[in-house]
Amino acid sequence: MTADNPTILLVEDDPVVRTFLADNLTADGYELLVADCVRDGLRLLEYKRPDLAIVDLGLPDASGLELIARVRAADGVASRLDPSLPLVILSGRAGELDRVRGFERGADDFVTKPFSYGELRLRLAAVLRRTRERRHRGRLRVGALELDPAAREVRLRDERVELSAKEFALALALAREPTRVFTKEELLRDVWGFRSMGQTRTLDSHACRLRQKLRAEGDEFVVNGWGVGYRLIDGPVG
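Sequence order as written defines residue numbering, which begins from 1 separately in each chain. In view of the model being predicted, local features appear only for residues whose pLDDT reaches at least 70, and side-chain atom pairs are presented and counted only at 80 or more, with totals across whole chains, interfaces and linings using the full set of residues. The side-chain numbers reported here are obtained from all heavy atoms of the structure, hydrogens and water having been left aside.

**Focus: the pairing of strand β4 (residues 87–91)**
- Of all 5 residues that make up β4, 5 are buried, and the element is covered over most of its length.
- Residues L87, I89 and S91 line one face of β4 and the alternating positions V88 and L90 line the opposite face, and both faces are buried.
- In this scheme, strands are said to pair when DSSP sees at least two bridges between them. Under the DSSP-based scheme used, a helix requires at least four consecutive residues in state H or I and a strand at least two consecutive residues in state E, with every element numbered from the N terminus. With 3 bridges connecting them, strand β3 (residues 52–55) and β4 associate as parallel partners. Opposite V55, over in β4, you have I89 as the bridge partner.
- The pairing of β4 with strand β5 (residues 109–112) spans 4 bridges and is parallel. Counted as the bridge partner of L90 is V111 from β5.
- Read as a crossover between parallel neighbours, the route from β4 over helix α4 (residues 96–105) to β5 is right-handed. Under the scheme applied here, a residue whose accessible area is under 20% of the maximum for its type counts as buried, over 50% as exposed, and between as partly exposed, the area being computed with a 1.4 Å probe on protein chains only. With the strands pointing away from the viewer, any crossover whose connection runs clockwise from the first strand over the helix to the second is right-handed.

Structural data, given as structure tokens:
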């Protein structure tokens, strides 16, 4: 496997299972993050942003179902949690009700213990493959600018641009309808959730920073729309 291999978060409190999976997944070339409770699992999801999570249900501080529910309830814009993250349950609870609840909360697959590592490895590969295909179809492109909503990633001429959560949310809102002028009221409502114009400076400061980060080789993607709001265009301003 190459350096671009997926990163997997394993949320498992059984040290034997945790060590076994860590050894085998690492040997198969995956980057691995490990947590033994829901709290630490959520923290790693927020700050490390893995490509997939394997979650046990019987964790010491809460059920793994709570972690799954938190991920799926995230807004995918302002939140650090990615609601489209692939989630695979690995649990000794093999009853039909447990499986149903897992899928109802948003799990992509359910593997029961004891398990075959070979089968688990193939299931993980299948989930990751489906996810990559969905994410590729969901990308937005405006000229040399590409936004990946699922990965919350922005690239300009194939170079990654580091944006804050709100800067990304603003770029995504503008990119959904490029060249259209979005009023400040619309952007404050949709990106920040404000109901009044009292926070215009917040929008203007974020738009200014976003413009600077996307400005390269004469590009001016973020443009002030005649004092009304902002729009996203492709390339230099005429």
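So that's the structure; there's more coming.
**Comments concerning the environment of D40**
- Residue placement: D40 occurs in helix α2 (residues 38–48).
- Along the primary structure D40 and V11 are separated by 29 residues, whereas in three dimensions their C-alpha atoms are 8.4 Å apart.
- The definition of a polar contact used here is a pair of N or O atoms within 3.5 Å, where within protein one atom must be able to donate a hydrogen and the other to accept one, and adjacent residues in sequence count solely through side-chain atom pairs. There is a polar contact of 3.2 Å between the side chain of D40 and the side chain of R39.

**Overview of unusual backbone geometry**
- Cis peptide bonds are those with omega within 30 degrees of zero, and the linkage from K113 to P114 qualifies with -5 degrees.
- Checked against the element boundaries, P114 lands in the loop between β5 and α5 (117–137).
- Even without being glycine, R157 reaches a positive phi, approximately 50 degrees.
- Note that R157 resides in the loop between β8 (153–156) and β9 (159–161).
- Relative accessible area serves as the criterion here: at 36%, R157 is assigned to the partly exposed category.
- Positioned with a positive phi, D158 is a non-glycine residue whose angle comes to about 70 degrees.
- Inspection of the secondary structure assignment puts D158 in the loop between β8 and β9.

In short, geometric facts, not functional conclusions.
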